[in-house]
Amino acid sequence: MSLNQPIVVGTDGSTAATNAVRWAARQSRIHNLPLRIVTALDGPPQYWGDFALPSTYIAESTAHAKERLAEAQRIAVEGGAHSITTDVLTGFAHVDLITESKNAHTLVLGSRGLSAVKANIIGSVTHSVASYVHSPLVVVHDLPFGWDRKPLAPVVVGVDGSEHNRAAVDAAFKEADRLGTELIAVHAWSDTALPRALSLHKGLPWADLITEEEARLAESLAAGKSNTQTSMFAA
């Protein structure tokens, strides 16, 4: 991930995507990074399924896509984004967004996909991208009123002690350093509520297990270098 790579945000014109654009614009301003806004036609240029598309489809779809980008750019400008560029992607949304992530500092998407999935569940396009993304991925849900005027919140990272989790921990330390905020590391090592487990399994060495898991959490964070305050929770 290069410091010169842009923050890339995808939009389909939905409310969720608009929230993603607003959030990405703020990040662009805070980090002084370029912002790239993309939208997809979501299909090959000649055919969809087993039937040919009307001859006017591409021109009309492209015109609508440019309208979406123009509105997203207006919102990004209001949010103080830097060096805004826009582009219409001609393939399927999830494939194009995965490709975009290869050259992105961060990929930002709304929580809703293009299917009839409820707003509080991750969208189909976002879910597909999350499985193969090459950069850090941010999924933006509803933004509460006045969110952009509140102090920056702490950075929270989940820690499981595995090798592949190191990238998340490293990204969290870097983000907390850049923002000057507290870093909160959370390590959940049991699916059982501890008070209930203690009462049901009194003979197990719970104190030793807790000590081991706290040590695992501390070891996972030891390689991170940060000037920020770090809070750790193992449960």
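Only a predicted model underlies this, so the values are computations on that prediction, with no experimental measurement involved. (Residues numbered from 1 in each chain as written. Predicted model: local features only at pLDDT ≥ 70, side-chain atom pairs only at ≥ 80, totals over all residues. Heavy atoms only, no water.)

### Some details on helix α5 (residues 166-179)
Point 1. Compared with an ideal rise of 1.5 Å per residue, which puts 14 residues at 20 Å, α5 spans 20 Å between its outermost C-alpha atoms and is within 8% of the ideal.
Point 2. Buried within α5 are the following residues: V169, A172, F173, E175, A176 and L179. The buried side chains of α5 occupy one side of the element, clustering within an arc of 165° when seen end-on. Opposite its buried face, α5 presents the exposed residues R166 and A167, each directed more than 90 degrees away.
Point 3. A positive phi of about 70° marks G180, the residue just after α5. (Helix = DSSP H or I, 4+ residues; strand = E, 2+ residues; numbered from the N terminus. Expected span 1.5 Å × (residues − 1). Buried < 20%, exposed > 50% of the residue type's maximum accessible area, 1.4 Å probe, protein only. Arc of directions from axis to C-beta.)

### Examining the confidence of the model for the protein chain
Point 1. Per-residue confidence for the protein chain gives a mean pLDDT of 82; residues scoring 70 or more make up 76%.
Point 2. Per-element averaging of pLDDT across the protein chain places strand β3 (residues 47-48) at the bottom with 52 and strand β1 (residues 7-10) at the top with 97.
Point 3. Considering only residues more than four positions removed or in separate chains, one finds that residues 114-121, a stretch of pLDDT under 50, has nine contacts. (pLDDT = per-residue confidence, 0-100. Contact = heavy atoms within 4.5 Å.)

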